[in-house]
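# Chain and residue survey
Listed here are the chains, written in short residue letters.
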Amino acid sequence: MNINLPNFNVKNLVKEAGSTISRVVQLTEEKLGTTERTEYDLHFQNLAERADVTKTWTEKIVRDTESVLIPNPQNRVEDFIFEKIEKSKPKRLSNLEHLALDMIEAGGDFGQDLPYGQALIKAGQAEQKLGQCEHDFIATSGICFTQPLRKFLDGEMKTIGKERGILETKRLDLDACKNRVKKARSMLGQQSAERDLRVAQAEFDRQSEITKLLLDGISTSQASHLRHLHAFVQTQVRYYKQCGDVMEQLQRELANLGGPTPYIPLDVNEASASKSNPSSGAAARGPGNNNAANSVAPGHKPNQPMNVSTDQMQRARVLCSYDAKDHTELNLSANEVIFVTECSPVNEDYMYGKQGLMKGLVPRAFVEMLDEEHDVTL
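Residues numbered from 1 in each chain as written. Predicted model: local features only at pLDDT ≥ 70, side-chain atom pairs only at ≥ 80, totals over all residues. Heavy atoms only, no water.

## Description of the overall build of the chain
- A tally of regular secondary structure across the chain gives 10 helices and 7 strands.
- Here the chain holds 378 residues, and the buried ones make up 28% of them.
- Pairs at least 24 apart in sequence give 67% of the contacts found in the chain among residues at least 6 apart.
- Surface accessibility of the chain: about 25200 Å² in total, with carbon and sulfur atoms responsible for 55%. (Helix = DSSP H or I, 4+ residues; strand = E, 2+ residues; numbered from the N terminus. Buried < 20%, exposed > 50% of the residue type's maximum accessible area, 1.4 Å probe, protein only. Contact = heavy atoms within 4.5 Å. Areas by Shrake-Rupley, 256 points an atom, 1.4 Å probe, with all protein chains shown as cover.)

## What about the environment of alanine 126?
- For alanine 126, the location among the structural elements is in helix α5 (residues 115–183).
- A residue is classified by how much of its surface remains accessible, and alanine 126, at 5% relative accessible area, is buried.
- Between the C-alpha atoms of alanine 126 and glutamine 249, which are 123 residues apart in sequence, the distance is 8.4 Å.
- Among residues more than four places away in sequence, those in contact with alanine 126 are Val246 and Leu250.

## Concerning the sheet that holds strand β7 (residues 367–369)
- Judged by pairing direction, the sheet is antiparallel, and its 5 strands sit side by side in the order β6-β5-β3-β2-β7 without closing on themselves. Edge positions in the open sheet fall to β6 (358–363) and β7, since each of these has one partner strand only. Recorded for the sheet is a direction-independent mean angle of 45° between the axes of neighbouring strands.
- Here strand β3 (residues 337–341) pairs with strand β5 (residues 350–355) via 3 bridges, running antiparallel. Counterpart to valine 340 in the pairing with β5 is glycine 353. (Pairing = 2+ DSSP bridges. Axes fitted to C-alpha atoms, helices over the stretch in contact; angles between N-to-C directions.)

## Overview of the packing of aromatic side chains
- Enumeration over the complete set of coordinates arrives at 8 aromatic pairs.
- The interplanar angle of 25° and the centroid separation of 6.4 Å between the aromatic rings of phenylalanine 137 and phenylalanine 232 together place this pair among those described as stacked. Of this pair, phenylalanine 137 sits in helix α5 while phenylalanine 232 sits in helix α7 (residues 218–257), and the two are 95 residues apart along the sequence. Assigned by exposure class, phenylalanine 137 and phenylalanine 232 land together as buried.
- In textbook terms, an aromatic cluster arises when at least three aromatic residues are bridged by ring pairs, as seen for Phe137, Phe145, Phe232, Tyr239 and Tyr240.
- The aromatic ring of tryptophan 57 is capped on one face by lysine 60, whose charged end is 4.6 Å from the ring centroid. (Phe/Tyr/Trp six-rings, centres within 6.5 Å; stacked < 30°, edge-to-face > 60°. Lys NZ or Arg CZ within 6 Å of the ring centre and 35° of its normal.)

## Some words on the side chain of aspartate 175
- Relative to the helices and strands, aspartate 175 resides in helix α5.
- Under the relative-accessibility criterion, aspartate 175 is labelled buried at 3%.
- One polar contact links aspartate 175 to threonine 38, side chain to side chain, over a distance of 2.4 Å.
- The contacts of aspartate 175, once residues within four sequence positions are left out, are Gln26, Glu30, Glu36, Arg37 and Thr38. (Polar contact = N/O pair within 3.5 Å; in protein donor to acceptor, adjacent residues only side chain to side chain.)

## Here's the deal with the pairing of β6
- The pairing of β5 with β6 spans 6 bridges and is classified as antiparallel. Among the inter-strand pairings, tyrosine 352 is bridged to a residue of β6, identified as leucine 361.
- The hairpin formed by β5 and β6 contains 2 residues between the paired strands, and glycine 356 there has a positive phi angle of roughly 65°.

## Quick word on the pairing of β3
- Note that strand β2 (residues 314–318) and β3 share 4 bridges and pair antiparallel. Bridging from a neighbouring strand, arginine 317 pairs with valine 337 of β3.

## Points about the nonpolar core
- Phe44, Met157, Leu215 and Ile218 are the most contacted members of the largest nonpolar core, which has 32 residues in total.
- Mapped onto this core, the elements with two or more residues apiece are α2 (42–69), α5, α6 (187–216) and α7.
- Considering each element in turn, this core owes the most residues, 15 residues, to α5.
- Here isoleucine 218 is in contact with Arg50, Ala51, Thr54, Glu156, Met157 and Ile160, once residues within four sequence places are set aside.
- Counting 11 residues, the second largest nonpolar core, distinct from the first, contains Leu332, Ile338, Val340 and Met369. (Core = buried A, V, L, I, M, F, W, Y, C linked by side-chain atoms within 4.5 Å.)

## So, the state of the cysteines
- Enumeration according to the criterion identifies 0 disulfides in this entry.
- With no disulfide of its own, cysteine 243 has cysteine 133 as its nearest cysteine by sulfur position, at a separation of 5.2 Å.
- By relative accessible area, which is 14% here, cysteine 243 ends up buried. (Disulfide = S-S within 2.5 Å.)

## Examining the packing of α5 against α7
- Two numbers describe how α5 lies on α7: the axes approach to 9 Å, and their chain directions differ by 175°. In terms of orientation, α5 lies roughly antiparallel with respect to α7. (Parallel < 35°, antiparallel > 145°, perpendicular 65-115°, else oblique.)

## Concerning the pattern of salt bridges
- A full pass over the atoms with the stated rule returns 11 salt bridges.
- With a shortest N-O distance of 2.8 Å, aspartate 52 and arginine 164 are connected by a salt bridge. In this pair, aspartate 52 is assigned in helix α2 and arginine 164 in helix α5, connecting sequence segments 112 residues apart.
- Judged by relative accessible area, aspartate 52 falls into the partly exposed class, the value being 38%. (Salt bridge = Lys/Arg side-chain N within 4 Å of Asp/Glu carboxyl O.)

Right, here's the structure in full:
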């Protein structure tokens, strides 16, 4: 029976083993500080440092972006495995879509002809649209941002790391040759060591130039990353715009439903303006308009006082039932006794009330004070 044995080149094996031993000895002596080492030039060190920083931060950005897009770590692991085996990722419902299905089912059970059931169904349908927008956002963000960055890490950065490893090997060979030249005792040994040194120096210089070219290419890669970042930001803008459109449509549909407690749409632009300029009204007032600073125009919702305890409030009896117009008001029942105090600043139409654990605004015309003899402490 003929057995084909691999054709080993013993001379090459011995030569490679000798080179490996020389590198180990050189590296050990460098660690111990008993020999000199060839230092890279300053320009190369700067390029290498920039490459390390780029790799570190790109890895973090990719990891954080994937965490934002897919918060569940188990789902991220599953997607990674399916990507590696080149199979399509599993289609799974998002949290928004689970909420949407439950809302729609609950609205059907509560009754589609009842206000609450109708509102649940409308809200569930809006959540479904938000879930679809989220799927599109995740897919587009992966294509335009995370996938190009990961391709850079798996391709260009790995190539740079490999070439830098080869360069470090060439440097160890060069320094080992320099030490052999210093330690050579005979003329023949001196000539052989110098010949090896020239070869090692040429290989080191050639590998150094190759590595520098790759490191210089990181500037071009960062310019490409900037374009991917712009695309990611545009994707986010479109996603949040779509979500805003869906919610505005939902507000209009809820307002059209009517019912005993009609929905009052929230003006997002007005709310944002009031938050961004909380002191704009005060700045427009002159020093003689102190009364305007302590009151609110009728018909406008006042601010609720902060950190007011029951001991600082007065008792009041509800004259007749009242249904809250929005979430800032309390529902009142006739002859009910609650605690109230003045709003800050004082409002002609509303007071701040406490009803058990519930707190909110109370129309002044619907309550009768029971503790007139006590002062209200704001």
